[in-house]
Amino acid sequence: MKTRFTGHFTQQEPIPEDAIEAAVAVMRSGRLHRYNVAEGEAGETALLEREFADLTGARYCLAVASGGYALACALRAVGVGPGDRVLTNGFTLAPVPGAIASVGAQPVLVEVTPDLVIDLDDLAAKVRASGARVLMLSHMRGHICDMDRLMELCDGAHVTVIEDCAHTMGAAWDAVPSGRHGVIGCYSTQTYKHVNSGEGGLLVSDDDRLMARMILLSGSYMLYDRHLAAPPAEAFEDVRYETPNISGRMDNLRAAILRPQLVRLPEQVAAWNARYRVVEDGLCGARGIALVERPAKEAFVGSSIQFRLPDFDAAQIGALLANCAARGVELKWFGADEPRGYTSRHDSWRYAPAQALPRTDAVLATLIDMRLPLTFSIEDCAMIAEIIREEVELLALNAPG
Ligand SMILES: *Cc1c(COP(=O)(O)O)cnc(C)c1O
């Protein structure tokens, strides 16, 4: 009889007890709004910002309502407006082109490589051809491109880099935390990311003026002196009148449950990577499976794993998904014609002008994605890899030709 996996691919760990207690304390106080603090009290949101700034080595941090809000806030802060063009990865999740569209700008999509990172040659060509002054770089599924080359290219062309670190909180390139290469780093604290407050986002930057603008944009009611990771009051002087309030603050309840999770982030990263390596080892060398090689300079967080099936056609991939699902293993495919769940592709973002991305399309046509929640044990991961391997090899064996 074939083994069947019975775990749930969308089941996250519970919120830690100390975080629950901190949340209950906030609720007992009634002071949920970040600026509603008692005499001498810092407030959970301001403390979270201080702690996340320290964790990433950033001078400043702002907590906001979602990862998508963080992206749009960063775009507004650097001055992107209606009609502007913003470069971004042709393979990412919908909140990224969505954030660009939300400020009336147009995404200029850049090809990705078979290793799932932005194609730097195509980026160079599109920087020249589009005249875009901003790159929203998405570290999609935790894959980090050669950041040395990318920053050299963008600095040389005066392109401002905003990093989408929804999948790289806790990751680094060449020992520099992800989000600290560009001028602003954006993170999500939504349930499926690396810390879980249901919804939420974080922004980091060293730039006084940009952070002052983002704090004002987020809806600070001129109470920015209550922040603990904000630029000095002077930085707000000339922007406080010209920056609209586009409310998207984080509240103390969410911040309270995030602070204890940040402390545990390094342990969680180690736990994810142990699971990732077991799945990777289990798939390594399987006939028909191409794994993504991880560069030595990339310290990643293996909260999901991707692999390609370069010789499979759509029918075989469909069969693989069905056969794995029948054995309890939930794989996602980025090559389907219709977006399902989170797998939407650039051709379904029809609010943006249609763009030809033949190399990205070829990669996505055979790209499989799988989440690795920490509720899976190491043994679960070994079993999952075994099931995928068996099913891929069975289909490869039965393939014509
Ligand atoms: C989740 C995600 C975001 C932000 O999402 P929110 O749900 O708004 O927090 C941004 N980029 C990518 C690639 C994501 O997966």
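Calculation notes
Residues numbered from 1 in each chain as written. Predicted model: local features only at pLDDT ≥ 70, side-chain atom pairs only at ≥ 80, totals over all residues. Heavy atoms only, no water. Buried < 20%, exposed > 50% of the residue type's maximum accessible area, 1.4 Å probe, protein only. Helix = DSSP H or I, 4+ residues; strand = E, 2+ residues; numbered from the N terminus. 1 Å grid on protein atoms, 1.4 Å probe; cavity = no way out; pocket = protein on both sides within 12 Å on 5 of 7 lines; lining within 4 Å. Points joined across faces, edges and corners; volume = space filled by probe spheres on them. Nonpolar A, V, L, I, M, F, W, Y, C, P; charged D, E, K, R; others polar. Domains from an automatic or database assignment. Pairing = 2+ DSSP bridges. Salt bridge = Lys/Arg side-chain N within 4 Å of Asp/Glu carboxyl O. Axes fitted to C-alpha atoms, helices over the stretch in contact; angles between N-to-C directions. Parallel < 35°, antiparallel > 145°, perpendicular 65-115°, else oblique. Left-handed = near helix turned anticlockwise from the far one by under 90°. Contact = heavy atoms within 4.5 Å. Lys, Arg positive; Asp, Glu negative; His and termini not counted. Phe/Tyr/Trp six-rings, centres within 6.5 Å; stacked < 30°, edge-to-face > 60°. Buried area = accessible area lost by both parts, 1.4 Å probe. Polar contact = N/O pair within 3.5 Å; in protein donor to acceptor, adjacent residues only side chain to side chain. Core = buried A, V, L, I, M, F, W, Y, C linked by side-chain atoms within 4.5 Å.

Below, the discussion takes up the pairing of strand S12 (residues 304–308). Of all five residues that make up S12, five are buried, and the element is covered over most of its length. Where burial is concerned, the two faces of S12 agree: the one with Ser304, Gln306 and Arg308 and the one with Ile305 and Phe307 are both buried.

This next bit is on the layout of surface pockets. The computed volume of the largest pocket comes to approximately 750 Å³. Lining the largest pocket are 44 residues, and of these Gln190, Thr191, Tyr192, Lys193 and His194 lie nearest its centre. Elements with a minimum of two residues in the lining of the largest pocket: helix H3 (67–77), helix H4 (95–102), strand S8 (184–188) and helix H9 (252–283). The residue makeup of the lining of the largest pocket, split by class, is 18 nonpolar, 19 polar and seven charged. Looking at which domains feed residues into the lining of the largest pocket, each of domain 1 (17–260) and domain 2 (265–397) supplies at least three.

Below, the discussion takes up the sheet that holds strand S14 (residues 367–371). Within the open sheet, the four strands sit side by side as S10-S12-S14-S13. Their pairing is antiparallel. Edge strands, defined here as strands with exactly one partner in the open sheet, are strand S10 (290–291) and strand S13 (332–333). In terms of strand pairing, S12 meets S14 through five bridges, oriented antiparallel. By the bridge assignment for S14, Ile305 is matched with Met370.

Here we come to the pattern of salt bridges. A full pass over the atoms with the stated rule returns 27 salt bridges. The residue Asp18 makes a salt bridge to Arg264 at a minimum N-O spacing of 3.1 Å. Note that Asp18 is positioned in helix H1 (residues 17–29) and Arg264 in helix H9, a separation of 246 residues in sequence. Look at Asp18 and you get partly exposed, because its relative accessible area is 37%. For Glu393, the salt bridge is made with Arg389, and the minimal N-O distance between the two is 3.9 Å. Note that Glu393 and Arg389 are positioned in helix H12 (residues 378–398) at a spacing of four residues, about one turn of the helix.

On to the packing of helix H2 (residues 44–56) against H9, then. Packing of H2 against H9 brings their axes to within 8 Å, and their N-to-C directions diverge by 25°. Classed by the angle they form, the pair H2 and H9 counts as roughly parallel. Both H2 and H9 take part in a crossing whose hand is left-handed. For the pair H2 and H9, contact is made by Glu44, Thr45, Leu47, Leu48, Glu51, Phe52 and Leu55 and by Asn252, Ala255, Ala256, Leu258, Arg259, Leu262 and Leu265, respectively.

Once that is clear, we can look at the sheet that holds strand S11 (residues 298–299). Strand order in the open sheet formed by three strands is S7-S6-S11, and the pairing between neighbours is antiparallel. The strands lining the two open edges of the sheet, one partner per strand, are strand S7 (176–177) and S11. Taken together, the two bridges between strand S6 (residues 172–173) and S11 define a ladder with antiparallel strand orientation. Paired with Ala172 across the bridge in S11 is Ala299.

A separate point is the side chain of Arg371. With respect to the helices, strands and loops of the structure, Arg371 is situated in strand S14. The side chain of Arg371 is buried and forms no salt bridge, while Glu330, the nearest opposite charge, is found at 5.8 Å. With sequence-adjacent residues up to four places away left out, Arg371 is seen in contact with Phe9, Thr10, Arg141, Tyr192, Ser303, Ser304, Tyr342 and Phe376.

Another point: the packing of aromatic side chains. One pass over the structure, following the stated rule, counts eight aromatic pairs. The interplanar angle of 85° and the centroid separation of 4.9 Å between the aromatic rings of Phe9 and Phe376 together place this pair among those described as edge-to-face. Linking Phe9 in the segment before H1 with Phe376 in the loop between S14 and H12, this pair joins segments that are 367 residues apart in sequence. Classification of Phe9 by relative accessible area gives buried; the value is 4%. Seen in terms of ring centroids, Tyr224 and Phe236 are 3.8 Å apart; in terms of plane orientation they differ by 5°. Their pairing is stacked. One end of the pair, Tyr224, is in the loop between helix H7 (208–219) and helix H8 (234–237); the other, Phe236, is in helix H8, and twelve residues separate them in sequence.

By domain assignment, the protein separates into domain 1 (17–260) and domain 2 (265–397). Between domain 1 and domain 2, the residue contacts involve 39 residues of the former and 34 residues of the latter. Interface area, domain 1 with domain 2, both sides summed: about 3100 Å², of which 60% is carbon and sulfur. If you sort the residues of domain 1 by the area they bury against domain 2, Glu111, Arg141 and His194 come out on top, with a joint share of 21%. At the boundary of domain 1 and domain 2, one finds six salt bridges. For Asp148, the salt bridge is made with Lys297, and the minimal N-O distance between the two is 2.8 Å. Counting every contact that joins domain 1 to domain 2 gives 17 residue pairs in polar contact (both at pLDDT 80 or more). Elements that contribute at least two residues to the side of domain 1 that touches domain 2 include exactly H4, strand S3 (106–110), helix H5 (120–130) and S6. No other element matches the five residues that S3 contributes to the side of domain 1 that touches domain 2. When the residues that make up the side of domain 1 that touches domain 2 are grouped by side-chain class, the tally is 21 nonpolar, nine polar and nine charged.

With that out of the way, let us pick up the nonpolar core. Ranked by size, the top nonpolar core spans 45 residues in total, and within it Ile118, Leu123, Leu135 and Leu150 carry the most contacts. Elements with a minimum of two residues in this core: H2, strand S1 (60–64), S3, H5, strand S4 (134–138), helix H6 (147–156), strand S9 (201–205) and H9. Top element by residues in this core is H9. It accounts for six residues. Domain assignment of the residues forming this core places at least three in each of domain 1 (17–260) and domain 2 (265–397). In contact with Leu150, not counting residues within four places along its chain, are Ile118, Leu120, Leu123, Leu135, Leu137, Cys145 and Val161.

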